[in-house]
Amino acid sequence: MPATAAVRVRRAELSDLDDLVALEESSFATDRLSRAQYRRHLDSETAQVLVASANHRRFLGTAVVFFRKGAQVARLYSIATRAEARGKGVGSALLEAAEQASRRRRCKALRLEVRAGNDEAIRLYERLGYQRIGEYKRYYGDGADAWRYEKTLD
């Protein structure tokens, strides 16, 4: 995928389910979303599943955003890109789309957790204006710590 390819982000559909599950399994060793969870989130009022593509490549990445009724803070629950698409703007495009979806829901901020050692993701979040607001010890299933980040949405 060329770095100049235009990344498009859309809401995921049922036909994306196999790709969503395959990316989840290749991206995360623990704390994975199951097929049943993805299926539920596709139809949920409180979740939005986004899919990124470029140059007719059908599936390059995904993001899952959760919304709580009445809450003004949305939560980026998960974001993943295919290995060959990393560093090509897919993660940035997914984050921008997650922020737009959150603004449409009248959310004032988007929060996320990131594995403490995931330097590549941390650099991306910080470059896009996310601020570290806290830490969760032993947050992940394998015992790894997580940093909490938040971006104020205008």
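Owing to the predicted nature of the structure, the values given are computational and were not obtained by experimental measurement.

### Details of the packing of helix 3 (residues 90-104) against helix 4 (residues 119-127)
Next up, step 1: Between helix 3 and helix 4, the shortest axis-to-axis distance is 11 Å and the interhelical angle comes to 50°. As far as their axial angle goes, helix 4 and helix 3 are oblique. When you trace helix 3 past helix 4, the crossing you get is right-handed. The residues of helix 4 that touch helix 3, namely those facing Gly91, Ser92 and Leu95, are Leu124, Tyr125 and Arg127.

### Comments concerning the pairing of strand 2 (residues 47-54)
Next up, step 1: For strand 2, a buried count of eight out of eight residues is recorded, marking the element as mostly surrounded by other parts of the structure.
Next up, step 2: Burial along strand 2 is two-sided: the residues Ala47, Val49, Val51 and Ser53 and Gln48, Leu50, Ala52 and Ala54 are all buried.

### Details of a positive patch on the surface
Next up, step 1: There is a patch of like positive charges on the surface, built from Arg11, Lys69, Arg104 and Arg105.
Next up, step 2: As for its placement among the helices and strands, Arg104 is situated in helix 3.
Next up, step 3: Judged by its relative accessible area of 55%, Arg104 falls in the exposed class.

### Thoughts on the packing of aromatic side chains
Next up, step 1: Evaluated as defined, the whole model comprises five aromatic pairs.
Next up, step 2: Aromatic pair Tyr136 and Tyr139: ring centres 5.1 Å apart, planes at 15°, arrangement stacked.
Next up, step 3: Judged by relative accessible area, which is 31%, Tyr136 ranks as partly exposed.
Next up, step 4: Among the aromatic side chains, those forming a connected cluster through ring pairs are Tyr125, Tyr130 and Tyr149.
Next up, step 5: Geometry around Tyr140 places Arg115 over its ring, the cationic atom sitting 4.6 Å from the centre.

Definitions and limits used
Residues numbered from 1 in each chain as written. Predicted model: local features only at pLDDT ≥ 70, side-chain atom pairs only at ≥ 80, totals over all residues. Heavy atoms only, no water. Axes fitted to C-alpha atoms, helices over the stretch in contact; angles between N-to-C directions. Helix = DSSP H or I, 4+ residues; strand = E, 2+ residues; numbered from the N terminus. Parallel < 35°, antiparallel > 145°, perpendicular 65-115°, else oblique. Left-handed = near helix turned anticlockwise from the far one by under 90°. Contact = heavy atoms within 4.5 Å. Buried < 20%, exposed > 50% of the residue type's maximum accessible area, 1.4 Å probe, protein only. Patch = residues over 30% accessible without salt bridge, like charges linked within 9 Å, V, L, I, M, F, W, Y side chains within 5 Å. Areas by Shrake-Rupley, 256 points an atom, 1.4 Å probe, with all protein chains shown as cover. Salt bridge = Lys/Arg side-chain N within 4 Å of Asp/Glu carboxyl O. Lys, Arg positive; Asp, Glu negative; His and termini not counted. Charge placed at Lys NZ, Arg CZ, Asp CG, Glu CD. Phe/Tyr/Trp six-rings, centres within 6.5 Å; stacked < 30°, edge-to-face > 60°. Lys NZ or Arg CZ within 6 Å of the ring centre and 35° of its normal.

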